[in-house]
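Now for the letters of each chain:
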Amino acid sequence: MNEQHCAALRDAAQHRSWSPVPRPGRSDVHPCRRRGATEPIPPKLNLSTGDESLIGAAALIGIFAGGLFFGPVTDKLGGEAMYTIDLAVLVAGSVLSVFATETWQFVVLRFVLGMAIGADYPIATSLLAEWVPNKHRGRLLGVLILAWYVGAAAAYAVGYVMAEIGGQGTWRWMLASGAVLSAVILLLRVGTPESPLWLVGKGRTADAQKAIKQALDRTVPVEELLAASAAEQAVGQSRFRDFFQGVYLRRTLFCGLFCMCQITPMFALYTFGPTILGSFGLGEGNDSYLGSALISCVFVLGCVPALRLVDRVGRRPVIVWSFALMVVPLAMLGGGSALPVAVVIACFCAYALFSGGPTVLEWTYPNELFPTSIRATAGGVATSISRVGAAAGTYLLPISLDRLGIGTTMLIGAAITGVGWLVSFAWAEETRGRTLAEASARPGAAPRSTTADNYARRTP
């Protein structure tokens, strides 16, 4: 279950009046599956507004901590083990959540689940980046995001149907569903081979040969593996402190800021979709949920052309033009509730369509701009920075709607998106068609070995 599924379940709960007050908090998970999160809590727990916000905040804080801490751990221990450990924690946390009865128990479990989820972003994406072919890397990493949005579109329907059919008793089943789906994915992950680049970097060339044989049924000579490792060495060995120095500092700021500027308005639109649509006079109840489901579907459609373009025309033009176009509908929504309904729907749909570019690059750039020795760390840092924006957008949007109004709130969203365009225009690099060693190299330090280059280009 992904972040939007969590919001949908919460919204459905509020529609059924299970929870005494609206709950802005929600969880966050890997794009390829749906899991239980900040599901509706029955009234008998007597949660205050502060309790409910704390439960939601615990998950977001856990995501921030998980990405920041477990990215470096993955770079040290490898992705193979971490790839299954984090799912095991999700299964255990989801099962225990079913039996939680006190506020502190929900807070602790939401934090633990958030940490596992935050860890899974860099673990899964860095491992995939090191296995897929260079010419398809942008598209295949982007498919993860597409699956994330497919889960979001399905979430509103699933949560609402469960709430309508099962009534107040379904909240525990919603929590339990997370364990079932996580367990299925955990079983599918068992046996996933380690990254050959990481193994060679650790001096384990024989294990790297076995991993390639297991995954591709090919035997790669030791000389070619060592040549690929030499290409990585030519980039230079990097450590955590390099994130705050030179070109890697710029790349860290770029990945974190563009993700934050893309995610902050988007999370706000998803989390409070029904509220926002209601502010424009588009109704409440089923009408607003239908509008939210429509927006989710359009986000899915927006990813489709972007998936093709990132490997055809390149990463830089896609992200720069997408941010520029995303500003337009948000600025138009600054007209507030006086806008015609058709214009409001058109603007929301246009924003969702244009956002496909930064969306599909959210996990591509961090995995391409940093070498194997710190690749998972880079993904974790980008995740953590972006979730600062997610938390800010989630918690500040209702305050802005109440004090500043819908028009000014949308203009603020346009301004944040404009910052994303400036960051992308200034710092976005073109990595299309490059090997990971080439893309992550410091300027002037690109690998020159023909053998290594040929090996890297042939590696799926």
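In case you missed it, the structure is sitting above this.
Everything in this summary refers to the structure shown in the same document. Each chain carries its own residue numbering, running from 1 in the written order of its sequence. Where totals are concerned, whole chains, interfaces and linings use all residues; where local detail is concerned, this predicted model gives features only for residues with pLDDT of at least 70, and gives and counts side-chain atom pairs only at 80 or more. Side-chain measures were taken over the full set of non-hydrogen atoms in the model, leaving aside hydrogen atoms and water.

## Structural notes on the overall build of the chain
Defined as follows: By definition, any uninterrupted DSSP run of H or I lasting at least four residues is a helix, any uninterrupted run of E lasting at least two residues is a strand, and each is numbered from the N terminus. Burial classification: accessible surface area is computed with a 1.4 Å probe over protein chains only, and a residue below 20% of its type maximum counts as buried, one above 50% as exposed, and the rest as partly exposed. Per-residue and other accessible areas were derived by the Shrake-Rupley procedure at a 1.4 Å probe size, with only the shown protein chains allowed to occlude residues.
Assigned secondary structure in the chain consists of 20 helices and zero strands. The buried share of the chain, reckoned over its 460 residues, is 58%. Counting every atom, the chain has about 17,300 Å² of accessible surface; 67% of that belongs to carbon and sulfur.

## Some remarks on helix 4 (residues 103-129)
Spelled out, the test is: Multiplying 1.5 Å by the residue count of a helix minus one yields the expected span of that helix.
With 27 residues, helix 4 extends 39 Å between its outermost C-alpha atoms, agreeing within 8% with the 39 Å of an ideal straight helix rising 1.5 Å per residue. Among the 27 residues in helix 4, 20 count as buried, and that is most of the element.

## Digging into the nonpolar core
Where a protein is soluble and globular, its nonpolar side chains tend to be buried together. Note the threshold: Buried Ala, Val, Leu, Ile, Met, Phe, Trp, Tyr and Cys residues that are joined via side-chain atoms within 4.5 Å together make up what is termed a nonpolar core.
Formed by 63 residues in total, the largest nonpolar core has its most connected members in Tyr149, Phe254, Phe258, Ile319, Leu333, Leu361 and Tyr365. Ranked by the residues each element gives to this core, the list is headed by helix 10 (residues 246-271), at ten residues.

## Some points on empty space enclosed by the protein
Using the following cut-off: Using protein atoms alone on a 1 Å grid, points that fit a 1.4 Å probe yet trap it form a cavity, whereas open point sets bounded by protein on both sides within 12 Å along at least five of seven lines form a pocket; residues with an atom within 4 Å of a point count as lining. Grid points are joined across faces, edges and corners, and a volume is the space filled by probe spheres set on the points.
Throughout the structure, instances matching the rule amount to six cavities of 30 Å³ or more. In this structure, the second largest cavity occupies an estimated 100 Å³ of space. Lining the second largest cavity are 14 residues, with Thr74, Gly79, Ser126, Glu130 and Trp198 sitting closest to its centre. Per element, the largest residue contribution to the lining of the second largest cavity is three residues, and it comes from helix 4.

## Focus on helix 14 (residues 341-354)
For the α-helix, the turn length of 3.6 residues means that residues three or four positions removed from each other point alike. In a regular helix each residue adds 1.5 Å, so 14 residues correspond to 20 Å; helix 14 covers 20 Å between its end C-alpha atoms and thus fits that length. Of the residues making up helix 14, those classed as buried are Val344, Cys347, Phe348, Cys349, Ala350, Tyr351 and Ala352.

## Digging into the pattern of salt bridges
The following threshold applies: In the sections that follow, a salt bridge refers to a side-chain nitrogen of Lys or Arg positioned within 4 Å of a carboxyl oxygen of Asp or Glu.
One pass over the full model with this rule turns up nine salt bridges. Between Arg189 and Asp86 there is a salt bridge, and its shortest N-O distance comes to 3.5 Å. In this pair, Arg189 is assigned in helix 6 (residues 171-189) and Asp86 in helix 3 (residues 79-98), connecting sequence segments 103 residues apart. Owing to a relative accessible area of 3%, Asp86 belongs among the buried residues under this scheme. Ionic pairing is found between Arg315 and Glu368, a salt bridge with its closest N-O pair at 2.6 Å. Of this pair, Arg315 sits in helix 13 (residues 315-332) while Glu368 sits in helix 16 (residues 364-368); the two residues are 53 residues apart in sequence, bridging distant segments of the chain. Summarising the burial analysis for this pair, Arg315 and Glu368 share the class buried. Via salt bridges that share partners, Arg137, Asp311, Arg315 and Glu368 belong to a single interconnected network.

## Re the packing of aromatic side chains
For any pair of aromatic rings, the description consists of the separation of the ring centres together with the inter-plane angle of the planes. Stated formally: Pairing of aromatic rings covers Phe, Tyr and the six-membered ring of Trp, with a centre-to-centre limit of 6.5 Å; geometry is then stacked below 30 degrees between planes, edge-to-face above 60, and tilted otherwise. The rule is short: NZ of Lys or CZ of Arg within 6 Å of the ring centre and within 35 degrees of the ring normal puts a charge over the ring.
The tally for this structure, following the rule as stated, stands at eight aromatic pairs. Aromatic pair Phe69 and Phe70: ring centres 4.9 Å apart, planes at 85°, arrangement edge-to-face. Put simply, the rings of Phe254, Phe258 and Tyr365 pair up and form one aromatic cluster. The ring centre of Tyr83 lies 3.8 Å from the NZ or CZ of Arg189, which sits over that ring. Geometry around Phe425 places Arg316 over its ring, the cationic atom sitting 5.6 Å from the centre.

## Quick notes on the environment of Leu309
Short version of the rule: Residue contacts are counted whenever heavy atoms from the two residues lie within 4.5 Å of one another.
Relative to the assigned elements, Leu309 resides in helix 12 (residues 286-312). Each C-alpha atom, one on Leu309 and one on Arg139, is 8.5 Å from the other, the two residues being 170 residues apart in sequence. Ignoring anything within four residues of it in the chain, the contact list for Leu309 reads Gly314 and Val318.

## As for a nonpolar patch on the surface
Operational definition: Like-charged residues are merged into a patch within 9 Å and nonpolar side chains (Val, Leu, Ile, Met, Phe, Trp, Tyr) within 5 Å, provided each residue has over 30% relative accessible area and no salt bridge.
Side chains of Ile61, Ile85, Val89, Trp104, Val108, Phe111 and Val112 sit close together on the surface and give an oily, nonpolar patch of about 610 Å² of accessible area. Mapped by element, the contributors of at least two residues to the nonpolar patch are helix 3 and helix 4. The element contributing the most residues to the nonpolar patch is helix 4, with four residues. Tracing the sequence through the fold places Trp104 in helix 4.

## Focus: the packing of helix 13 against helix 18 (residues 406-427)
Rules: In this analysis an axis means a line fitted to C-alpha atoms, helices contributing only their contacting stretch, and an angle means the value between N-to-C directions, from 0 to 180 degrees. Angles are sorted into four bins: roughly parallel if under 35 degrees, roughly antiparallel if over 145, roughly perpendicular if 65 to 115, and oblique for all others. With the far helix as reference, a near helix turned anticlockwise by less than a right angle produces a left-handed crossing, and one turned clockwise produces a right-handed crossing. In this classification, the charged set is Asp, Glu, Lys and Arg, the nonpolar set is Ala, Val, Leu, Ile, Met, Phe, Trp, Tyr, Cys and Pro, and all remaining amino acids, among them Gly, are polar.
Following both chains from N to C, one finds helix 13 and helix 18 inclined at 165°, their axes separated by 8 Å at the closest point. As judged from the angle between their axes, helix 13 and helix 18 are roughly antiparallel. Here the hand of the crossing between helix 13 and helix 18 comes out left-handed. Between helix 13 and helix 18, the residues in contact are Arg316, Ile319, Val320, Phe323, Ala324, Met326, Val327, Leu330 and Ala331 and Met410, Leu411, Gly413, Ala414, Thr417, Gly418, Gly420, Trp421, Ser424 and Phe425, respectively. When its residues are assigned to classes, the contact of helix 13 with helix 18 shows 13 nonpolar, five polar and one charged.

## Description of the environment of Pro443
Take Pro443: it is sitting in the loop between helix 19 (436-440) and helix 20 (450-458). According to the relative accessible area criterion, Pro443 is exposed, its value standing at 63%. Expressed as a C-alpha distance, the spacing of Pro443 and Val247, which sit 196 residues apart in the sequence, is 8.0 Å.

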